[in-house]
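# Commentary on secondary and tertiary structure
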Amino acid sequence: MSSPVVENTAKTNAAVTHLVSLTGLRGILALMVFGTHFFLAFVMAGGSMDSPFVQQVFHVLFSRAGGTAVSCFFLLSGFVLTYIARPGDSTRSFYRRRIAKIYPVHLISTAIAFTLVSVRYEVPGAEVTLSHVFLVQSWVPSQWYYLTMTGIDWSLSCEAFFYLCFPVLLPVLSRARNGMLYAVSACSVFLVFFLPYVVGHTFAIRSPDPVEMVPTAGYGGPIGYWFAYVFPPMRMAEFVIGISLAVLVRRGAWRGPGVAACLVLCAIGWGVNLHLDSYLPLAAGMLIPFALLIPALSTADINSAWSPLRWKPLVWFGEISLSFYVSHLLVQEELFSRLWNLGMRAGLLPAPLPVLSWWVAVLSFLAQFALAVLAAWLLHRLVEQPLVRRLRPKDVPPVPVTSPQSSAPPAHHAGAAHMVER
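Note that this is a predicted model, so its numbers are computed, not measured.

As a further point, take the state of the cysteines. Two cysteines form a disulfide when their sulfur atoms are joined by a covalent bond. In this structure the tally under the stated criterion is 0 disulfides. A disulfide-free cysteine, Cys 262 has its sulfur positioned 6.6 Å from the sulfur of Cys 266, the nearest such atom.

A surface patch of nonpolar side chains, amounting to about 570 Å² of accessible area, comprises Phe 190, Leu 191, Phe 194, Leu 195, Tyr 197 and Val 198. The exposure class assigned to Leu 195 is partly exposed, which follows from its relative accessible area of 30%.

With respect to the helices and strands, the residue Ser 364 is situated in helix H17 (residues 358–391). Separated by 326 residues in sequence, Ser 364 and Phe 38 have C-alpha atoms that sit 9.3 Å apart.

The geometry of an aromatic ring pair comes down to the distance between the two centres and the angle between the two planes. Scanning all chains against the criterion turns up 30 aromatic pairs. Ring geometry for Phe 190 against Phe 194: centres 4.8 Å apart, planes inclined by 40 degrees, an arrangement best described as tilted. In this pair, Phe 190 and Phe 194 are both assigned in helix H9 (residues 178–200), 4 residues apart and thus about one turn of the helix distant. Classification of Phe 194 as partly exposed rests on a relative accessible area of 45%.

In this section: unusual backbone geometry. Unusually for a residue other than glycine, Ser 278 sits at a positive phi of about 55 degrees. In this structure, Ser 278 sits in the loop between helix H12 (259–273) and helix H13 (280–283). Unlike most non-glycine residues, Ser 304 shows phi in positive territory, near 55 degrees. Mapped onto the secondary structure, Ser 304 falls in the loop between helix H14 (287–302) and helix H15 (312–319). What makes Ser 304 exposed here is its relative accessible area of 60%.

As a further point, take the nonpolar core. Residues Leu 25, Leu 29, Trp 154 and Phe 290 are the most contacted members of the largest nonpolar core, which totals 112 residues. Beyond its immediate chain neighbours, meaning those up to four positions away, Leu 25 contacts Cys 72, Leu 76, Leu 293, Ile 294, Leu 297 and Leu 309.

On the secondary structure map, Leu 164 appears in helix H8 (residues 154–174). Taking C-alpha positions, Leu 164 is 7.8 Å from Tyr 95, a pair spaced 69 residues apart along the chain.

As a further point, take the packing of helix H10 (residues 221–230) against helix H11 (residues 232–251). Closest axis-to-axis distance for the H10/H11 pair is 6 Å, and the angle between their directions is 40 degrees. One element, H10, and the other, H11, form an angle in the oblique class. For the pair H10 and H11, contact is made by Phe 227, Ala 228, Tyr 229 and Val 230 and by Pro 232, Met 234 and Arg 235, respectively. Tallied by class, residues from the contact of H10 with H11 come to 6 nonpolar, no polar and 1 charged.

A word on a positive patch on the surface. Where like charges cluster on the molecular surface, the positive patch consists of Arg 92, Arg 96, Arg 390 and Lys 394. Along the chain, the position of Arg 92 falls in helix H5 (residues 91–120). The exposure class of Arg 92 is exposed, given its relative accessible area of 73%.

Glancing now at the pattern of salt bridges. Counted according to the given criterion, the structure contains 4 salt bridges. As a salt-bridge pair, Asp 89 and Arg 97 come within 2.6 Å of each other at their nearest N and O atoms. You'll find Asp 89 and Arg 97 in the same group, each marked buried. A salt bridge links Arg 310 to Asp 301; its shortest N-O distance comes to 2.7 Å. Look at Arg 310 and you get partly exposed, because its relative accessible area is 29%.

Packed helices, taken two at a time, are described by the angle between their axes plus the distance between the axes. Interhelical geometry of H5 versus H17 gives an angle of 150 degrees and a closest axis separation of 9 Å. Considering their axes alone, H5 and H17 lie roughly antiparallel with respect to each other. In the crossing of H5 with H17, the sense of the turn from one axis to the other is right-handed. Touching Arg 96, Ala 100, Lys 101, Pro 104, Val 105 and Ile 108 of H5 are Leu 379, Val 383, Glu 384, Leu 387, Val 388 and Leu 391, all from H17. Classifying every residue of the contact of H5 with H17 gives 9 nonpolar, no polar and 3 charged.

What counts and what doesn't
- Residues numbered from 1 in each chain as written.
- Predicted model: local features only at pLDDT ≥ 70, side-chain atom pairs only at ≥ 80, totals over all residues.
- Heavy atoms only, no water.
- Disulfide = S-S within 2.5 Å.
- Patch = residues over 30% accessible without salt bridge, like charges linked within 9 Å, V, L, I, M, F, W, Y side chains within 5 Å.
- Areas by Shrake-Rupley, 256 points an atom, 1.4 Å probe, with all protein chains shown as cover.
- Salt bridge = Lys/Arg side-chain N within 4 Å of Asp/Glu carboxyl O.
- Buried < 20%, exposed > 50% of the residue type's maximum accessible area, 1.4 Å probe, protein only.
- Helix = DSSP H or I, 4+ residues; strand = E, 2+ residues; numbered from the N terminus.
- Phe/Tyr/Trp six-rings, centres within 6.5 Å; stacked < 30°, edge-to-face > 60°.
- Core = buried A, V, L, I, M, F, W, Y, C linked by side-chain atoms within 4.5 Å.
- Contact = heavy atoms within 4.5 Å.
- Axes fitted to C-alpha atoms, helices over the stretch in contact; angles between N-to-C directions.
- Parallel < 35°, antiparallel > 145°, perpendicular 65-115°, else oblique.
- Nonpolar A, V, L, I, M, F, W, Y, C, P; charged D, E, K, R; others polar.
- Lys, Arg positive; Asp, Glu negative; His and termini not counted.
- Charge placed at Lys NZ, Arg CZ, Asp CG, Glu CD.
- Left-handed = near helix turned anticlockwise from the far one by under 90°.

Okay, structure coming up:
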């Protein structure tokens, strides 16, 4: 994974070292996943609000936000890893950096989840536990494997597969012509839309889960849900799109709408996605708008153009998004539910399955979010940051200053790399 060194100006250097809009985007995506878990848990428990308008707002914002956010995370992963690829980097060094970034917080969250599951239900089996430890749980078409622990680390299982393939994919796509990169992106979009349909109407799971943690009837059944949403090779399509887009952007060859137009397209796509059926809203519904938005945001940062995602609190939240992502559902399911039960026993909160005043629902949302952010910040400061510094390789080659018009990866510094990596 090497590229030629190209001289450039200080202005370009300053621009390409501040892709903070992508970090801000990560913050929005993390909030989307959180909101979906809040809303779905509330609705599945039979809760409702006394204000149909507020409940409809929650429905529009969060009923399908989590799946689309994960899809955008996969796009971002391919884009960012390609954009910050180091000339002369070794495969071993790349793997070590990814392990240092992901594995410490994953192991901590898995250990906590294992303890909570063991106390509340029963000790998970050795096969299930080891599949989570080694991030291979998404390869098994059973929710008792990929949803047992934290409930969301199946996506890290997909990421682990992406990382395994990245040192092979990057050199191939970096050598492709611009037209071929657009063609690869278009073919990948086609696969995301239509391949799960073919598989869902051709195959079936021989021994489906007798009881589903997440109902799959509305998403094409067990095989449709697992293949379209959880199966790592299927999700590779989004990762490949991200790589292709990043190569185009760093060459200065990306031709697409600006940030404002992309935000409008995202709003339109969001409305359309609310009405899609089967597996489509899980990954396909917002794929094209997000695939246009990511290069638009990065190009805006490179050119110091307008972007609404550079707001400092949002960027800060994006920086802790990995810790937030792996821990927030544990906070929602365990800590806050226990606090809620204490409040009910004290007569301060309504009984289960209530019709809540809308302001109680909003305060509940904000309280859960505040607790989840606090837990994520502690995990980020006490585990993620120190172990990333300790475990990352020390012999990382220096990154040369490059031009968006060249085929070389753009320049960045350690801080910028930290800001855009998840």
